[in-house]
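# Analysis of the macromolecular model
If you want the building blocks of each chain, they are given just below.
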Amino acid sequence: SVTSEGDTRKLPDGVGNALATALVIKPLGEDLLTLDGSPLPGWFALHAPERRSEFDVVEHVNIEAYLPGVVSKELYKSWLPETFRAQSIAARSYALHERARRRALGSYFDVVSTTRDQAYAGATDHRTSHDAVRDTAGLVLTWQGSILRAYYSSTTGGRAASAADTWPVGPGFEFNFAAPIQASPRGDQDSISPRFRWETTRSVRDVSARIAAYAKDRSPSLAKLGTVRSIEVIERNDFDRPVRFRITDREGKTADVRAEYLRVALNTSAPGFPAIDAKTRVYSSDMSVVFSGANATISGRGFGHGVGMSQFGAEAFARNGREAEDILLYYYPGAKVERAY
């Protein structure tokens, strides 16, 4: 089942309590249900959590019917079939892993239909996506007998990140220690990506305001900072990709932050500042920041968190004749491709 954080509807006062259990909506015959004009292959359950005047729209759909809507959204439609096969196996692995995690928590949905989990387009007529899912039906990546949480992103920029450096590893998140999703050597395969290298310049006020907006209710150590004076790498992984940064303000106060959290902070909306766009976005955590006068220039490599498979890299490998399983074992060293069902 899939829910999107943006797919919520306002209910009249008092109606939320009437939906103590889910309201089910199923299609008639072969017709597809639509949500905000987008056709979806499954059926809906409307959940209204207590003390909320909104409800969540959750689609219930078979995993193999769900996946074409993921791979068609995650990749360029003109890319090669072998790239789509590799993406299908990685996406299936991630979805099944997250489904198991959510069900253990008692959640009424499995994955979110945004890049928080996997981008999802719903029903699609993209033939290559359907063929790739059909050709790989039931295949997943495994590690030590369990389904691997197969993270992937657009472009690693030549330096991979480790899941254990990027996300929590405490109780309930031990899966982020799995060896195949730690940093491993990368070449320049994804240099075909337009975000292999990038640069943007922001005002110091902009940088400071976005970090402050991110820190509110999230990070007391960052929230204490004033106008930022410097952002420096204080830890790198074995392949020279930044792991942690130290932020220093003009009064000399400092706070340390994970690289991926800094990326999120720098892209956070802040009152009085323009929305982030393609020219101003910080595309990855593999960055360096140089302050000069009233501005800060941020230079970086890649697009996304950098853990696991590079989608542009997979396409480059496919163009060179590599098959899906070979591509996956390059990006998830030590994993196996096995049949889950």
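Reading guide: rules and limits
Residues numbered from 1 in each chain as written. Predicted model: local features only at pLDDT ≥ 70, side-chain atom pairs only at ≥ 80, totals over all residues. Heavy atoms only, no water. Helix = DSSP H or I, 4+ residues; strand = E, 2+ residues; numbered from the N terminus. Salt bridge = Lys/Arg side-chain N within 4 Å of Asp/Glu carboxyl O. Buried < 20%, exposed > 50% of the residue type's maximum accessible area, 1.4 Å probe, protein only. 1 Å grid on protein atoms, 1.4 Å probe; cavity = no way out; pocket = protein on both sides within 12 Å on 5 of 7 lines; lining within 4 Å. Points joined across faces, edges and corners; volume = space filled by probe spheres on them. Nonpolar A, V, L, I, M, F, W, Y, C, P; charged D, E, K, R; others polar.

## Brief notes about unusual backbone geometry
Leaving glycine aside, a negative phi is the common case for residues, and trans is the common case for peptide bonds. Its identity as a non-glycine residue notwithstanding, aspartate 36 has a phi of 55 degrees, on the positive side. Structurally, aspartate 36 is set in the loop between strand S3 (33–35) and strand S4 (38–40). With phi around 65 degrees, aspartate 217 is a residue other than glycine that occupies positive phi space. By the secondary structure assignment, aspartate 217 is in the loop between helix H6 (204–215) and helix H7 (220–223).

## So, the pattern of salt bridges
Charged atoms that come close allow side chains of opposite charge to pair. Counted according to the given criterion, the structure contains 22 salt bridges. Glutamate 64 is paired through a salt bridge with arginine 92; the nearest N and O atoms lie 2.9 Å apart. Taken together, the residues span a long stretch of sequence, with glutamate 64 in helix H2 (residues 63–74) and arginine 92 in helix H3 (residues 81–104) at a distance of 28 residues. Summarising the burial analysis for this pair, glutamate 64 and arginine 92 share the class buried. Two residues, arginine 263 and glutamate 260, come together in a salt bridge whose shortest N-O distance is 2.5 Å. A residue pair is termed a helical-turn pair when its members lie 3 or 4 positions apart in one helix, as arginine 263 and glutamate 260 do in helix H8 (residues 259–266) at three residues. By relative accessible area, arginine 263 is classed as buried at 15%.

## Digging into empty space enclosed by the protein
Applying the stated criterion across every chain, the model contains one cavity of 30 Å³ or more. Taken as a whole, the largest cavity spans an internal volume of roughly 80 Å³. Taken together, Ala161, Ser162, Asp165, Thr166, Asn237, Arg241, Pro242, Val243, Arg258, Ala259, Glu260 and Ser285 make up the lining of the largest cavity. Secondary-structure elements contributing two or more residues to the lining of the largest cavity are helix H5 (163–166), strand S13 (242–249) and H8. Considered class by class, the residues forming the lining of the largest cavity number four nonpolar, four polar and four charged.

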